[in-house]
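Residues per chain are reported as follows:
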Amino acid sequence: MNFFDIKKKKNAVIFLINCEIIDDYFMTDFEKNINSSDRIGLDMKNVKTIKSFKFIKLLGLNKFKLFNLSSEMLAFIMLISKGGYLKAYVNEQDFNQNKREFIKRKFLIV
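A brief report on the enclosed structure follows. (Residues numbered from 1 in each chain as written. Predicted model: local features only at pLDDT ≥ 70, side-chain atom pairs only at ≥ 80, totals over all residues. Heavy atoms only, no water.)

### So, the sheet that holds strand β4 (residues 40–43)
Piece 1. Across the sheet, which stays open at both edges, the six strands sit in the order β1-β2-β4-β6-β7-β8 with mixed pairing between neighbours. Single-partner strands in this sheet number two, and they are β1 (4–8) and β8 (101–102).
Piece 2. Pairing of strand β2 (residues 13–17) with β4 involves four bridges; the strand directions are parallel. Paired with Phe-15 across the bridge in β4 is Leu-42. (Pairing = 2+ DSSP bridges. Helix = DSSP H or I, 4+ residues; strand = E, 2+ residues; numbered from the N terminus.)

The structure is reproduced here in structure tokens:
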């Protein structure tokens, strides 16, 4: 199964995720294709569910940036990662230009 398409830019590598679920099968394939020296972005517009602890762990280590998140995924990831802090971008253009990053948006459960 083709989990993602890779788009290489001069300063980054963008993974266009084709599946709705990020699980350990996805992460195994993803980890084979990443290079630690590249700036990595994940286009999350098709993703509906995350079922991988590896994904959350790498996200917490800032190994990649996310963009095109649905509001449900944004809220879910912010609640489970880094005490509510998440570095993500609104869209691909913002990722490429390093602008309009979601930072220090803290969600609290009341």
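Let's pick the thread back up.
### Points about unusual backbone geometry
Piece 1. Of note, the phi angle at Asn-62 is positive, near 60°, even though the residue is not glycine.
Piece 2. Within the secondary structure, Asn-62 sits in the loop between α2 (53–60) and β6 (65–67).
Piece 3. Here the phi dihedral of Asn-98 falls at roughly 55°; this positive angle occurs in a residue that is not glycine.
Piece 4. Turning to its location among the elements, Asn-98 is positioned in the loop between α4 (92–97) and β8.
Piece 5. The class for Asn-98 is partly exposed, based on a relative accessible area of 49%. (Buried < 20%, exposed > 50% of the residue type's maximum accessible area, 1.4 Å probe, protein only.)

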